[in-house]
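# Structural characterization, general
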Amino acid sequence: MASAYYEFYRGSSIGMALTDSLDELITSGAITPQLAMKVLQQFDKSLADTMVKQVKNKTTLKARLGSLRTYRLCDDVWTFIVKNPSFKMESNEIVNAPRIKIIACKNGDAIEAGKK
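Numbers given to residues run from 1 along each chain, matching the order in which its sequence is written. Confidence filtering applies because this is a predicted model: local features only for residues at pLDDT of at least 70, side-chain atom pairs given and counted only at 80 or more, and all residues used for totals across whole chains, interfaces and linings. Note that the side-chain values use all heavy atoms of the structure and ignore hydrogens as well as water.

### Some words on the overall build of the protein chain
Using the following cut-off: For helices the rule is a DSSP run of H or I covering at least 4 residues; for strands it is a run of E covering at least 2, with both sets numbered from the N terminus onward. Contacts between residues were defined by any pair of non-hydrogen atoms, one from each residue, lying within 4.5 Å. Note on areas: Shrake-Rupley, 1.4 Å probe, and residue coverage restricted to the protein chains presented here.
In terms of regular secondary structure, the protein chain is built from three helices and six strands. Start at the N end of the protein chain and walk to the C end: the helices and strands fall as α-α-β-β-β-β-β-β-α. A fraction of 50% describes how many contacts in the protein chain between residues 6 or more apart in sequence connect residues 24 or more apart. Here the protein chain displays about 8900 Å² of accessible surface, and carbon together with sulfur accounts for 56% of that area.

As structure tokens, this is what we get:
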């Protein structure tokens, strides 16, 4: 069965560290590549579930007209690149960034519902 979760978090520092560790374990013969894939699939699921259940903060994104540099829809995943956005946090703190990339996708529950 294919994983119903996106692999976005594999590119994070913890995801890359996990991948490096699994590669070392495969090279040394301690685990099989199949087991490593199962571990990565569980990592994808666990991180996606944690983001949905644990992260409750909300923010408001404000961008000037013309600051949306790129937008793309591919395989039900939206990607936006915005220059010079401002974020207003729940605490009313304002956070600025020179450039952000937003990836928006269906959560695991929506993916599973679509398969039925």
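### Regarding the packing of helix H1 (residues 13-28) against helix H2 (residues 33-54)
Formally: Helix axes are fitted only over the stretch in contact, all axes being lines through C-alpha atoms; the angle between N-to-C directions runs from 0 to 180 degrees. An angle below 35 degrees is treated as roughly parallel, one above 145 as roughly antiparallel, one from 65 to 115 as roughly perpendicular, and anything else as oblique. In this scheme the crossing of two helices becomes right-handed for a clockwise turn of the near helix relative to the far one and left-handed for an anticlockwise turn of less than a right angle. Three classes are used: nonpolar for Ala, Val, Leu, Ile, Met, Phe, Trp, Tyr, Cys and Pro, charged for Asp, Glu, Lys and Arg, and polar for all others, with Gly counted as polar.
Taken N-terminus to C-terminus, the directions of H1 and H2 make an angle of 165°; their axes are 10 Å apart at the nearest point. By the angle between their axes, H1 is roughly antiparallel relative to H2. Once H1 is placed against H2, the crossing between them reads as right-handed. On the side of H1, the interface is formed by Ile-14, Gly-15, Leu-18, Thr-19, Leu-22 and Ile-26, while H2 contributes Pro-33, Ala-36, Val-39, Leu-40 and Phe-43. Here the contact of H1 with H2 is built from residues that sort into nine nonpolar, two polar and no charged.

### Examining H1
We count it as follows: Here a helix's expected span is defined as the number of its residues, less one, multiplied by 1.5 Å.
Across its 16 residues, H1 extends 23 Å between first and last C-alpha, which sits within 8% of the 22 Å expected from 1.5 Å per residue. One or two residues past the end of H1 sits Gly-29, with phi positive at roughly 85°.

### Comments concerning the sheet that holds strand E3 (residues 77-83)
Applicable threshold: When DSSP locates at least two bridges between a pair of strands, those strands are taken to pair.
Spatially, E2-E3-E6 is the arrangement adopted by the three strands of the open sheet, whose pairing is antiparallel. Pairing within the sheet leaves two strands with one partner each, and these edge strands are strand E2 (68-74) and strand E6 (99-105). Taken pair by pair, the neighbouring strands of this sheet meet at an average axis angle of 10°, ignoring direction. Judged from the seven bridges that link them, E3 and E6 form a sheet pairing that is antiparallel. Bridge pairing links Val-77 to Cys-105 in E6.

### Some words on the pattern of salt bridges
Let me state the cut-off plainly: We define a salt bridge as a contact between a side-chain nitrogen of Lys or Arg and a carboxyl oxygen of Asp or Glu at a distance within 4 Å.
Under the defined criterion, the tally for this structure stands at three salt bridges. Members of the salt-bridge network, linked through shared partners, are Glu-7, Arg-10 and Asp-44.

### Looking at unusual backbone geometry
In terms of backbone geometry, most residues other than glycine have negative phi values and most peptide bonds are trans. Positive phi, normally seen in glycine, also occurs at Asp-76, with a value near 65°. Here Asp-76 is to be found in the loop between E2 and E3.

### Notes on the confidence of the model for the protein chain
Do not read the predicted coordinates in detail wherever pLDDT is low. Threshold: A score from 0 to 100, pLDDT tells how confident the predictor is in each residue.
Looking at the protein chain as a whole, the pLDDT averages 87, with 88% of positions reaching at least 70. Averaged pLDDT values for the elements of the protein chain fall to 52 in helix H3 (residues 108-115) and rise to 97 in H1.

### Re a positive patch on the surface
So the rule is basically this: Patch rule: a residue counts if its relative accessible area is over 30% and it has no salt bridge; like charges are joined within 9 Å, and nonpolar side chains (Val, Leu, Ile, Met, Phe, Trp, Tyr) within 5 Å. When charges are tallied, Lys and Arg are placed among the positive residues and Asp and Glu among the negative ones, while His and the ends of the chain are skipped. Charge positions come from single atoms, namely NZ of Lys, CZ of Arg, CG of Asp or CD of Glu.
Together, Arg-69, Arg-72, Lys-83, Arg-99 and Lys-101 make up a region of like positive charge exposed at the surface. If you list the elements that add at least two residues to the positive patch, you get E2 and E6.

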